[in-house]
Amino acid sequence: MLPILFAEAFNWTNLQQQCITGLTSGALIALIALGYTMVYGIVELINFAHGDLFMLGSCLALTIFTAFGLAQPGAIDSASNVSIVLAIACCLVAVPIFCAGLNRSVDYVVYRPLRTAPRLAPLVSAIGVSFIFMNVGLFWVGPQDVNFPDVIQDRNLLGDDAVLRFTLKNLLVVGVTVPLMIALTVFVKFTSLGKAMRATAQNPTAARLMGINTEFVIGTTFLVGGALAGFGSVVYALYVNTISYQMGFQNGLYAFTAAVLGGIGNIPGAVLGGLVIGLVQALGTAYIGATWTSAIVFAVLIVILVFRPSGLLGARVREKV
Amino acid sequence: MPLRIVPALFLVAFVAAGILIPAPPAQENSNVVKILSSMPRTGSARGQTDTIVDGIRLALNEVENRIDLDGKTYRIEYMDLDDATASAGDWTSEQEASNARQAQSDPDVMVYIGTYNSGAAKISMPILNRMKVLMISPANTSPGLTKPNQGERDEPKRYRPSGEVNYVRVVPTDDLQGPAGAEWSLDMGCKRVYILDDNSVYGKGVADLFEGHARKIGIDILGRESIDAKASEFLSLMTKIATKQPQLIYFGGTTQTKAGQVAKDMVKVGMKDCKMMGPDGTYEVAMIQSASAEVLNGRFFCTFGGLTPDKLADTPGGKTFVDNYKKFYGKEPAEAYALYGYECARVALEAMRRANKKDRAAICKAGREIKDFPGVTGTWSFDENGDTTQQDMSGIAVRNGQFVFDKKLSVTRK
Amino acid sequence: MNRKVGPRWALVVFLVLAIYPLFPAFDGWFFAATARSLGAQMPTLFIFAILAMGLNLVVGNVGLLHLGIAAFFGIGAYTMGILTVPAYPFEIGFWLALPCGIAAAAAVGLFIGVPTLRLRGDYLALVTLGFGEVVRFTLKNLDAITAGTRSLVPVPPPATPVLSVDWLQDFRPFYYLTLGFLVIVYWMLGSLERSKLGRAWVAVREDELAASCMGLNVSRLKLSAFICSAGIAGLAGGLYASTITSTAQPDAYDFNRSIFLLCCLILGGLGSRNGVLLGVFLLYGFDQILSPIVDEKLQLAYGAPIRREFLGIPISAQMQTFAGWRLFLFGVVLIVMMRYRPSGLIPNDRIKEELPPDPDARPATK
């Protein structure tokens, strides 16, 4: 057993391949985790509905593809490249707008009246919203897994005969997530609205005294978080090619884990957390066993938090006296 | 303070009500016989259980929901119970136990059609066995439920506290299906096989049986692993499997436990020449919907006990079924499981007719002793364990986005 | 101060529950109306009420967000299973296995609590969540011990040497067994709340820093609450395995269960035992008793759902059953409740008085 394990571990191409797979799915997790962490940073709410918002985004993407006539069996082969590119572009515009608007409306209707309520009240409301979203998803796509048209070719970009595989899909995931993360970092760090966000996160009262419209800032945060979930859902649908009304739960759980692992409220932390989880998942599956993957992810999480109680990049909170 | 008296008053009223209200009259003379079915009706198994329920309703509708027993006409009341809850999204033990208790405590319930999941059957079988309610399963294939020496030490004795058999099933079990699949894969020339399962009673059981027979007949088993059926993709698992270069991946599991995703990810990591095979849990239209025809065409195979809808018209019973189904629902029976629901309900009616009285023990006895029953796919009987003697195995392939009958399977090699 | 009214009502509820099975008329009429026995479904509700009480100890009294209570529930159930099923050589019977289950759950609680309880707020929440998932996967994968997803069966009912009790046909024995344990747990937690330990817990919840300045050992207090709650969950698990005669699948102890219990707690009133009882009866009663009955009535009245269309939009079979709307209703109820009664249906008096009136104050639960 052990020699085999060694032989596998030192199979470099295999290890590299697993790293590619792991980092790609990690990037997707990170994209969802960003929405969690931004909302948490500003209103200290674990938004359990975020994963299901992501699921609804995928449902909309599927509906758009159906409208373009790409969802029927055999439609991909006959479809022109123009219509495929058009459909993807349409998704990348419509779905983030839809998710952002939905997230913002939910905040306005459900969470805003609870800003002063005990802290568990918005949490439970978020669970309620997640139930409603799931029910909507159930009506939208039905109880079973649904195929999302596989419009992106699986051609290996490193050459057809290369041992290592890096396909167009991997490129798509990286190509969408990395610029978004950079844009987000720039937005939060260097724009005045971003500055207002950080101020509100630090101390809402002081921010308001400084003339910041905190409600507007919170609303913007929900908009941005929702839009990220929207981008994530389109990329996810194109990458994994399956949609079901339950997919928000598992992905949301991992994203939440990633957010906390990186230090909740911390934007680079969420990205790092997502990548770590993706890697642990892939390597755990490869070298230990697929049934243990989730257990390993959570065990790693517990161990990291025991040694770094505020997450990987979270600032050590000083006790305010 | 008057508020303090309210609780006391409430209590007194409750006791008074308990004493004064008489118990409701017993319903012994009612002219109703009830048939219950218990299957997961919430969550992802809904699609397949819908077709089973369609089949049951069709069979009952053929006799206009009426049955004559010993000169008296009884109305048949059918109730479709859910053994899943919204909060769990899947079947739960307490809901299955509650359904079984409902059946046992209602004297009008004569037959219990269920369950869908073999794990759920383990809960309800002992409860119903004590009251000798006839239980007919349309979908349980785990051998241990009926056959001695196939499962754990005290199976199936532990499900029969009264010592009598009350559980019968109209589907062939996995001890036929697994080995038949193994031989089929050898016939297709696939000697290097990787085995996956979904870590459920059903999936793991059938994968074990496949593995056992495959080793015996000289297939090279490259590895065996369970997946987490709640994961959303299996790319890293498939990357790992790809390095072993299997010719076929056997997946013990169902469409609900991600068979479609396994197939997709297999192709995605570059295993374009590798085939995939699954048991009857993957034989539903939802499999093609979830994995897409492009992925499955010529690549996916499954085993199924019984005949496919397109072959049904060749048998007399099957033709009647297809015709009636079309008349009643206005479409072809797309799913093979509709047939089993239909068969279950027909067995229930036959058992009542043979017993010829509204009596659970008599119906239970008549049910398990059914011999030479003119079933949909041919004449069959129940053996002493309650298993059907119908042992036809079909090998099914996917072509042009459709499940098509490929060949008849059997277990010949030792 | 109308604090006296609360306990009275609880007494009445327990008395009503206790005499309910004595009059066959009640269950008889319920059965005649719904074809289900209410009494047979109550034991699981009582068990979830015990479990919710255990969770309330940590979340309500000490103010730690605990998202992994189902894991301890599962450990209790599996300990009961392993020690009593005929497949293993132990077969020590219900009465010995129950304390073992409590001890096992409490020991695991100690093991996980010592390193992690110093984590703050939501980091702790995530660790409990992750721990719950680790336990579930371990139960699933340690096939040789826990029988994986095949679940350990049959878990025998409690032995009663003198009486001859028909545990499986008659619902009353389990009804009284679980109700008895519920009353004991309810009463025990009540006296614990009024004890020195209970007041110290509340002090930790209100202000950790102030509590430690007053000389309280905060980490030890948190740990004790965590272990107590794990033990109570273990008790509930043992009862659960015995009632349903099986350890159920490992998936019965997943994150959903923990979240659902948390909803019960907050709906009823965090930190108030009466509120927790009410929350469990409402939510679980809705999920497990009411909604199957409504669906059966709908079926009898309208027959099978057929495929219909409305304004060209296909109405799926899902939308025509009550079960299809259950999640939706849950969600709406939770949101409306939180909007208009964020402290629950029967709020804890002390929490109610201490709720921060000014909008800028950060809530106390940290």
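Further up the page is the structure itself.
Let us look at the structure shown here.

Criteria and thresholds
- Residues numbered from 1 in each chain as written.
- Chains lettered and ligands numbered in written order.
- Predicted model: local features only at pLDDT ≥ 70, side-chain atom pairs only at ≥ 80, totals over all residues.
- Heavy atoms only, no water.
- Contact = heavy atoms within 4.5 Å.
- Buried area = accessible area lost by both parts, 1.4 Å probe.
- Salt bridge = Lys/Arg side-chain N within 4 Å of Asp/Glu carboxyl O.
- Polar contact = N/O pair within 3.5 Å; in protein donor to acceptor, adjacent residues only side chain to side chain.
- Helix = DSSP H or I, 4+ residues; strand = E, 2+ residues; numbered from the N terminus.
- Pairing = 2+ DSSP bridges.
- Axes fitted to C-alpha atoms, helices over the stretch in contact; angles between N-to-C directions.
- Buried < 20%, exposed > 50% of the residue type's maximum accessible area, 1.4 Å probe, protein only.
- Parallel < 35°, antiparallel > 145°, perpendicular 65-115°, else oblique.
- Left-handed = near helix turned anticlockwise from the far one by under 90°.
- Nonpolar A, V, L, I, M, F, W, Y, C, P; charged D, E, K, R; others polar.
- Core = buried A, V, L, I, M, F, W, Y, C linked by side-chain atoms within 4.5 Å.
- Domains from an automatic or database assignment.

### Brief notes about the interface of chain C and chain A
For step 1, the next point in the chain: Contacts between chain C and chain A engage 51 residues on the former and 52 residues on the latter.
For step 2, the next point in the chain: Buried area between chain C and chain A, summed over both chains or domains, comes out near 4,900 Å², and the portion from carbon and sulfur atoms is 75%.
For step 3, the next point in the chain: The interface formed by chain C and chain A includes zero salt bridges.
For step 4, the next point in the chain: Run the count over chain C and chain A and you get seven residue pairs in polar contact (both at pLDDT 80 or more).
For step 5, the next point in the chain: Secondary-structure elements contributing two or more residues to the side of chain C that touches chain A are helix 5 (94–116), helix 6 (121–141), helix 12 (255–268) and helix 14 (326–340) of chain C.
For step 6, the next point in the chain: Per element, the largest residue contribution to the side of chain C that touches chain A is twelve residues, and it comes from helix 6 of chain C.

### Examining the sheet that holds strand 1 (residues 32–39) of chain B
Residue and element names in this part refer to chain B.
For step 1, the next point in the chain: Reading across from one edge, 2-3-1-4-5-6 is the order of the six strands in this open sheet, with mixed pairing throughout. The open sheet has two free edges, formed respectively by strand 2 (66–69) and strand 6 (167–169), since each of these has just one partner strand. If you compare each strand with its neighbour and ignore which way they point, the axes differ by 30 degrees on average.

### Some words on the side chain of Thr-177 of chain A
Residue and element names in this part refer to chain A.
For step 1, the next point in the chain: Among the secondary structure elements, Thr-177 is positioned in helix 7 (residues 168–190).
For step 2, the next point in the chain: Residue Thr-177 is classed as buried on the basis of its relative accessible area of 0%.
For step 3, the next point in the chain: Residue contacts for Thr-177: discarding those within four places in its chain leaves Ala-27 and Leu-31.

### Some words on the packing of helix 6 (residues 120–141) of chain A against helix 12 of chain C
For step 1, the next point in the chain: Where helix 6 of chain A contacts helix 12 of chain C, the axes come no closer than 11 Å and their chain directions differ by 130 degrees. The angle between helix 6 of chain A and helix 12 of chain C falls in the class oblique. The way helix 6 of chain A lies across helix 12 of chain C gives a crossing that is left-handed. Across the interface between the two elements, Leu-120, Leu-123, Val-124 and Ile-127 of chain A from helix 6 of chain A touch Ile-259, Leu-262, Cys-263 and Ile-266 of chain C from helix 12 of chain C.
For step 2, the next point in the chain: The residue makeup of the contact of helix 6 of chain A with helix 12 of chain C, split by class, is eight nonpolar, no polar and no charged.

### Description of the nonpolar core
For step 1, the next point in the chain: Core analysis: the biggest nonpolar cluster contains 313 residues, and Leu-196 and Phe-321 of chain B together with Tyr-253 of chain C have the highest contact counts within it.
For step 2, the next point in the chain: The dominant element in this core, judged by the number of residues it contributes, is helix 3 (residues 38–62) of chain C, at 16 residues.
For step 3, the next point in the chain: Of the residues that make up this core, three or more belong to each of domain 1 (32–172 + 314–382) and domain 2 (174–305 + 394–409) of chain B.
For step 4, the next point in the chain: Phe-321 of chain B has contacts with Leu-58, Leu-312, Pro-333, Ala-338, Leu-339, Tyr-342 and Val-376 of chain B, leaving out every residue within four places of it along the chain.
For step 5, the next point in the chain: By size, the runner-up hydrophobic cluster in this structure holds 22 residues, among which are Val-193, Ile-195, Leu-248 and Met-393 of chain B.

### Section: the sheet that holds strand 10 (residues 275–278) of chain B
Two orientations exist for strands paired in a sheet by backbone hydrogen bonds: parallel and antiparallel.
Residues and elements named next belong to chain B.
For step 1, the next point in the chain: Spatial strand order, 8-7-9-10-11-14-15: seven strands in an open sheet with mixed pairing. Of all the strands in the sheet, just strand 8 (220–226) and strand 15 (402–409) have a single pairing partner and so form its edges. Strand after strand, the sheet turns through a mean of 25 degrees between neighbouring axes, direction not considered.
For step 2, the next point in the chain: Relative to strand 15, strand 14 (residues 393–399) runs antiparallel, the two being bridged by seven bridges. Residue Met-393 lies in a different strand from strand 15, and its bridge partner there is Leu-409.

### Points about the interface of chain C and chain B
For step 1, the next point in the chain: Taken together, the contact pairs 62 residues of chain C with 56 residues of chain B.
For step 2, the next point in the chain: Summing both partners gives a buried area of about 5,200 Å² for chain C against chain B, and 56% of it is carried by carbon and sulfur.
For step 3, the next point in the chain: The largest share of the area that chain C buries against chain B comes from Arg-150, Gln-169 and Gln-299 of chain C, three residues that together contribute 11% of it.
For step 4, the next point in the chain: Put simply, chain C and chain B have four salt bridges between them.

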